[in-house]
Amino acid sequence: HPGSPLQQRCALISTKNDCNYPKELTQQVEEALALVQQRTGRVFGDSTNPLLVSVRSGARASMPGMMDTVLNLGLNDKTVEALAKKSGDRRFAFDSYRRFVQMYSDVVLGIEINHFEKHLERAKEKRGVKQDCELLPEDLEKLVKSYKAVVQLELGEEFPEDPKAQLWGAIGAVFNSWMNQRAKTYRQLHDIPEWWGTAVNVQAMVFGNMGNDCATGVAFTRDPSTGTNEFYGEFLVNAQGEDVVAGIRTPQELTIKARKSHGSDLPSLEEVMPNIFKELLSVRSQLEHHYKDMQDIEFTIQQGKLYMLQTRNGKRTAPAALQIAVDMAKEGLITKSQALMSLKPDLIDQ
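These figures come from a predicted structure and were not determined experimentally.

1. Notes on helix α6 (residues 137-155)
For step 1, the next point in the chain: Counted at 1.5 Å a residue, the expected span for α6 with its 19 residues is 27 Å, and the 27 Å between its end C-alpha atoms agrees.
For step 2, the next point in the chain: Structurally, α6 contributes buried residues whose contacts are with α4 (90-107) and α5 (114-127).
For step 3, the next point in the chain: With its phi angle positive at about 75 degrees, Gly-156 sits one or two positions after the end of α6.

Right under this line is the structure:
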């Protein structure tokens, strides 16, 4: 929309394509979305069986935390009712909806996140609870209305209800985030050329916030600070990805060993969902054998089924890089010369 915050931000960015998409992109997005609908058996924007998507970046080199992501996209006043009916869980549907409105407003519409957090804190105080997950469905419904009122107040326009408009807004925001200050500084520090640009990934949503047989987590296939060949990570039951990094709830350890060494009373994934943990271990091994490097992974468990969301070569300390290179050569995963070439000269300065 001309004159919208996104358009204004776009105008600030001078790139060789001048913020114009290639003309074939619209059709490619339509075709790819049709394929996702076919594979999931759900329809984007449908009022009985809606497909929800996440929109995230896919830069050639991993830039953790630098680029923008939007989750639960495709929700509006109609599709949220369909999601509530289909899942049989009104609380989950409106929890996803309030998350979406907040995230979209922040990432795409450029509204400061604290405007929404004030309303969330007030809702928790009113209900007399400390955690988001303790709010009732009616609290979350009211929150969605409050959040939309914030958008109307800040922008003078309503929150977009049309899923297609939401999708293009998010695609534009992720492409634009390649040129945000965080990403520019990160590229300068890590010698990543600006002309590489980024891809945008649109994925079918899976939900870690549908109940206690659901969870979400992040992990490294080896310890990123020491390089020890031990599975390292944390997870939260009944949560979505941003909760793990937001620091609102205390995450749980993946393994019994890590739980004991950190003196945590909260049960590990190995104890809570032993079968899922075994499956995750085999994925860990599969990814390392494929990429020949330590991986940083994100996963979601939806109603007892494991879904992998993304993987990338994991960031690590200098001692860990050395340890991992030596261990992987000894394990026969990589050759000695590959181990040497994987160590960048600036590690010696570190």
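2. Observations concerning the sheet that holds strand β9 (residues 295-302)
For step 1, the next point in the chain: Reading across the sheet, the five strands line up as β8-β7-β6-β9-β10 and stay open at both edges, with antiparallel pairing between neighbours. Every interior strand has two partners, whereas the edge strands, β8 (252-253) and β10 (305-313), have only one.
For step 2, the next point in the chain: Sheet analysis places strand β7 (residues 232-237) next to β8, joined by two bridges and oriented antiparallel. From the neighbouring strand, Glu-234 faces β8, where its bridge partner is Glu-253.
For step 3, the next point in the chain: Helix-sheet contacts for helix α12 (residues 274-291) involve β9 and β10, and the interaxial angle to β10 is about 30 degrees.

3. Quick notes on the packing of aromatic side chains
For step 1, the next point in the chain: Under the criterion given, the structure shown has eleven aromatic pairs.
For step 2, the next point in the chain: Ring centres of Phe-92 and Phe-207 lie 4.9 Å apart, and the angle between their planes is 80 degrees; this geometry places the pair in the edge-to-face category. Of this pair, Phe-92 sits in helix α4 while Phe-207 sits in the loop between β5 (200-204) and β6 (215-220), and the two are 115 residues apart along the sequence.
For step 3, the next point in the chain: By relative accessible area, Phe-207 is classed as buried at 7%.
For step 4, the next point in the chain: Here the aromatic residues Tyr-21, Trp-168 and Phe-175 are joined through ring pairs into a cluster of three or more.
For step 5, the next point in the chain: Residue placement shows Arg-60 over the ring face of Trp-196; its charged tip is 3.7 Å from the ring centre.
For step 6, the next point in the chain: One Lys or Arg, Arg-187, reaches over the ring of Trp-178 and ends 4.0 Å from the middle of that ring.

4. A short note on the pattern of salt bridges
For step 1, the next point in the chain: Tallying each qualifying case throughout the model produces 20 salt bridges.
For step 2, the next point in the chain: The residue Glu-194 makes a salt bridge to Arg-187 at a minimum N-O spacing of 3.5 Å.
For step 3, the next point in the chain: Judged by relative accessible area, Glu-194 falls into the partly exposed class, the value being 42%.
For step 4, the next point in the chain: Note that Arg-222 is salt-bridged to Glu-331, the shortest N-O span being 2.7 Å.

Analysis parameters
- Each chain has its residues counted from 1, following the order in which its sequence is written.
- Only residues with pLDDT of 70 or above have their local features reported here, since the model is predicted, and side-chain atom pairs are shown and tallied only from 80 upward, although totals for entire chains, interfaces and linings are computed over all residues.
- Side-chain metrics in this entry use all non-hydrogen atoms of the structure; hydrogen atoms and water are not considered.
- Going along the chain from the N terminus, every DSSP run of H or I of four or more residues is numbered as a helix, and every run of E of two or more is numbered as a strand.
- An expected span of 1.5 Å times one less than the residue number is assigned to each helix.
- Whether two residues touch is decided by their heavy atoms; if any such pair falls within 4.5 Å, the residues are in contact.
- Two strands form a pair only when DSSP identifies at least two bridges running between them.
- Orientation is described by axes fitted as lines to C-alpha atoms, over the contacting stretch for helices, and by angles from 0 to 180 degrees between their N-to-C directions.
- Note on aromatic contacts: the rings of Phe and Tyr and the six-membered ring of Trp form a pair at centre separations within 6.5 Å, being stacked when their planes are under 30 degrees apart, edge-to-face when over 60 apart, and tilted otherwise.
- Burial classification: accessible surface area is computed with a 1.4 Å probe over protein chains only, and a residue below 20% of its type maximum counts as buried, one above 50% as exposed, and the rest as partly exposed.
- In this scheme, the term charge over a ring applies when either NZ of a lysine or CZ of an arginine sits within 6 Å of the ring centre and within 35 degrees of the ring normal.
- When a carboxyl oxygen of Asp or Glu lies within 4 Å of a side-chain nitrogen of Lys or Arg, that pair is called a salt bridge.

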